[in-house]
Amino acid sequence: MSITARSMGTSQPRIEGPQKVAGTAPYAFEHPVVRPLYLHPVQSTIARGRITAIDASAAEALDGVVAVITHENAVRLADTSDAEWSVLQTPEVRFRGQYVAGVLAEGSEIARQAAELVAVTYDQDTHVASLDEHSPDLYAPDVVNPAFATDESIGDPDAALAAAEYTVRQTYTTAMTHNNPMEPHTTIASWDAEGGRLTLFESTQGVVTTRDAVTSLFGLGADAVAVIAPHVGGGFGSKGNVHANTVLATLAAMAVPGRAVKYALTRQQMFDLVGYRTPTIQHVALGADTDGTLTAITHDVVEQTARFKEFAEQTATYSRSMYATPNRRTTHRLVPLDVGIASWMRAPGEAPGSFAAEVAMDELAVVTGLDPIELRVRNEPTVSPESGLPFSSRNLVACLRRGAERFAWSHRDPQPRARLVDGWWHGTGVASSSYPVFSMPGSTAVIRFHRDPSLDPALGATGRYEVELAAADIGTGARTVLTQIAADALGRRPGAARGQPRRRPRRGLRAGRRRRALRRDGRLVGPRRGPRRLGAAPLREPRPRRRRHRHPPRSGLGAARAAVAPGCEVRPAPRRGP
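In this text the structure is predicted, and so the values were computed from the model without any measurement.

Scoring rules and cut-offs
Residues numbered from 1 in each chain as written. Predicted model: local features only at pLDDT ≥ 70, side-chain atom pairs only at ≥ 80, totals over all residues. Heavy atoms only, no water. Helix = DSSP H or I, 4+ residues; strand = E, 2+ residues; numbered from the N terminus. Buried < 20%, exposed > 50% of the residue type's maximum accessible area, 1.4 Å probe, protein only. Contact = heavy atoms within 4.5 Å. Areas by Shrake-Rupley, 256 points an atom, 1.4 Å probe, with all protein chains shown as cover. Pairing = 2+ DSSP bridges. Axes fitted to C-alpha atoms, helices over the stretch in contact; angles between N-to-C directions. Arc of directions from axis to C-beta. Lys, Arg positive; Asp, Glu negative; His and termini not counted. Salt bridge = Lys/Arg side-chain N within 4 Å of Asp/Glu carboxyl O. Polar contact = N/O pair within 3.5 Å; in protein donor to acceptor, adjacent residues only side chain to side chain. Expected span 1.5 Å × (residues − 1). Parallel < 35°, antiparallel > 145°, perpendicular 65-115°, else oblique. Left-handed = near helix turned anticlockwise from the far one by under 90°. Nonpolar A, V, L, I, M, F, W, Y, C, P; charged D, E, K, R; others polar. pLDDT = per-residue confidence, 0-100.

Student: If you had to explain the overall build of the protein to someone new, which residues and values would you point to?
Tutor: Across its full length, the protein holds 13 helices and 27 strands. Out of the 578 residues belonging to the protein, those deemed buried represent 51%. Considering only residue pairs separated by 6 or more positions, the protein has 79% of its internal contacts joining residues 24 or more positions apart. Total accessible area on the protein stands at roughly 26700 Å², and carbon and sulfur atoms take up 52% of it.

Student: Could you give an account of the sheet that holds strand β6 (residues 119-124), naming the residues involved and the relevant values?
Tutor: Taking strand neighbours across the sheet as the criterion, the three strands line up as β4-β2-β6 in an open arrangement whose pairing is antiparallel. Each edge of the open sheet is held by one strand with a lone partner, namely β4 (92-93) and β6. Bridge count between strand β2 (residues 49-55) and β4: two bridges; the pairing is antiparallel. Looking across to β4, one finds that Arg 50 is bridged to Glu 92.

Student: Pulling in residues and values, what's your account of the sheet that holds strand β19 (residues 328-337)?
Tutor: If you trace the five strands from one edge of the open sheet to the other, you get β9-β19-β18-β17-β10, paired in mixed fashion. For this open sheet the edge positions go to β9 (152-154) and β10 (166-174), each flanked by a neighbour on one side alone. Averaged over all adjacent pairs, the angle separating strand axes in this sheet is 15°, with direction ignored. As judged from the nine bridges shared by strand β17 (residues 280-288) and strand β18 (residues 294-306), these two strands associate in the antiparallel manner. Counted as the bridge partner of Ile 281 is Val 302 from β18. Lying on the sheet, helix α9 (residues 350-368) is in contact with β10, β17 and β18; it crosses β10 at an angle near 145°.

Student: Please give an account of unusual backbone geometry that cites residues and values.
Tutor: Residue Pro 146 is bonded to the preceding Asn 145 through a cis peptide linkage, with omega at -10°. Relative to the helices and strands, Pro 146 is located in the loop between β7 (143-144) and β8 (148-149). Even without being glycine, Leu 88 reaches a positive phi, approximately 55°. Tracing the backbone shows Leu 88 in the loop between β3 (65-70) and β4. Classification of Leu 88 by relative accessible area gives buried; the value is 4%. The phi torsion at Ala 408 lies on the positive side, around 55°, for a residue other than glycine.

Student: Could you give an account of helix α3 (residues 108-117), naming the residues involved and the relevant values?
Tutor: When α3 is considered as a whole, its buried residues turn out to be Ala 111, Ala 114 and Ala 115. In an axial view of α3, the angular spread of the buried residues amounts to 105°, which keeps them on one side of the axis. Within α3, the exposed residues directed more than 90 degrees away from the buried face are Glu 109 and Glu 116. For α3, the secondary structure elements touched by its buried residues are β1 (37-43), α2 (57-60), β3 and β5 (99-105).

Student: For the side chain of Asp 473, give the residues involved together with the corresponding values.
Tutor: Here Asp 473 lies in the loop between β23 (463-469) and α12 (478-490). No salt bridge is formed by the buried Asp 473; the nearest opposite charge belongs to Arg 479, separated by 4.3 Å. A distance of 2.9 Å separates a polar atom in the side chain of Asp 473 from the backbone nitrogen of Gly 475. Among the polar contacts listed, one links the side chain of Asp 473 to the backbone nitrogen of Gly 477, at a separation of 3.2 Å.

Student: Quick rundown of helix α6 (residues 244-255)? Include the residues and the values.
Tutor: Between the first and last C-alpha of α6 there are 17 Å, a value that for twelve residues agrees with the 16 Å anticipated at 1.5 Å per step. Buried residues dominate α6, accounting for eleven of its twelve residues. Considered for burial, the residues of α6 that qualify are Ala 244, Asn 245, Thr 246, Val 247, Leu 248, Ala 249, Thr 250, Leu 251, Ala 252, Ala 253 and Met 254.

Student: So, the packing of helix α5 (residues 207-218) against α6: which residues are in play, and what are the values?
Tutor: Put simply, α5 and α6 touch, their axes get as near as 11 Å, and they point 55° apart. As the angle between them shows, α5 and α6 are arranged oblique. For the pair α5 and α6, the crossing hand works out as right-handed. Two secondary-structure elements touch here, α5 through Thr 210, Val 214, Leu 217 and Phe 218 and α6 through Thr 246, Val 247, Thr 250, Leu 251 and Met 254. Here the contact of α5 with α6 is composed, by residue class, of six nonpolar, three polar and no charged.

Student: Tell me about the confidence of the model for the protein, residues and numbers included.
Tutor: Confidence in the prediction for the protein averages 85 pLDDT; 84% of positions are at 70 or higher. For residues 496-578, every residue scores under 50 in pLDDT, and the model assigns this stretch 233 contacts once sequence neighbours within four places are set aside.

Student: Help me get a handle on the environment of Asp 123, residues and values and all.
Tutor: Along the polypeptide, Asp 123 turns up in strand β6. When its relative accessible area of 45% is taken as the criterion, Asp 123 is described as partly exposed. Linking Asp 123 and Ala 53, residues 70 residues apart in sequence, is a C-alpha distance of 9.5 Å. Residue contacts for Asp 123: discarding those within four places in its chain leaves Gly 49, Arg 50 and Thr 52.

Student: Can you lay out the pairing of β19 for me, pointing to particular residues and giving the numbers?
Tutor: Within a regular strand, side chains alternate between the sheet's two faces. Counting buried positions along β19 gives eight out of ten residues, so the element sits mostly inside the fold. The pairing of β9 with β19 spans three bridges and is antiparallel. Each residue of the ladder has a partner; that of Ser 153, found in β19, is Arg 329. Pairing of β18 with β19, which is carried by ten bridges, proceeds in the parallel orientation. In the strand pairing of β19, His 299 is matched with Thr 330.

Next comes the structure, spelled out in structure tokens:
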């Protein structure tokens, strides 16, 4: 389908802007629920071992404490194949900071105080928590994130390096870094035991992903779980997948049916439980001939992973497609440690990998005596060095040339470490970067037309279009952009638009590498009636407005839903599965 861009690419006010500026946009912790309980976890103080006893008597005696959940009384999960998600299922301790208990209380301060009173006794085992590339446990994973080959080799890079006119051989290291978006990972969980329904107000980049994980873990049907995330305060990849905090909140809610449970991670907990970028040790070697043309690239990476759950960051894959060379080797090796899981964080793989590769190119420029921009231009590939296919988009040379022109690059002092000003070294530099573009078919949209008798047909307006699709806005303006796309696809101008959480999100729209899901209600004013096609979207005929609740329920799960979307219909869905 060809779409003429009328609204796309133009400057439009952010649809949710007034709400955010006024402070009325509800983030996960801010959704109004009736008589909530507050959850605070107890975390392990050892890195590896086994719980031998838990004494919660002092915590339970504190006024306002409702329950203390441990591995001894927590709900049993239907699926424990993922060790990260198997929260409070066994007495085993796999890393320092692991959840070992949770306290539910009438106030957050009470819950936190009570958590400090829970006494846990351990049988501690020997642990290893430091990355060592010479570890006897070093191994090659089957694949690296998300499904790239672990190793790759073309030509004979070792022989080419030995014969090269110029060589650079360096080891670069990067430190562990942590996701800390403005809004921490947060859940409000409410369990309706009688109806067998779970509602999660969640700070997530993937509503459908979260729903699918929770339904599998707890043995629930997809229609029995509602995940609602109208606004998300940043994620950086760490909210693209479910972590243990969501499972703990759900376990807590199931311990107190009918009461909503609120849990927002503290800043300290963010460093323990929601992933991080692994530290890396990167051995990079470049070989070049007399004119600076690369003859060999090797990029060998050592990283850490949690012993109990593997995550292999694709650090060396950057060097597979960035510069042309007939001889190349890229490898990944992991050291399993008794630490928390590594996970996605802002361009996983490309960020640390490009650092090492680009610094090596700068060092090669010094060795060859070439301008670092000219060195990159001379090694610009005409097709993908990895696949041999044409690039869908690549404008690196033009970008470098334009940047050099605007930066007055030719007038710089190229000598490194030459100017010390007030104790600080001053200099100039350049680096390239790359991020893959993925096309992921299968996302769908549902488009409905609603008549509006208040509009004047003589003015060409008889109603509005409502567009529903699975997407999430983590602060990047997705609501506005998606409305612009829908408006142009329908041949109409964007009107007022508002986001509404759906009880049952439709098929997920993937952004980056994971699903994002949120109902979008775009009001597009125009005279055309009936269903219209947007891509391969299933369409529905116009239909009358649904009956709505006039008054929100006073308590329970219904009150939580009504508070999020007042005036919207809420109907029990037929339960599926066990």
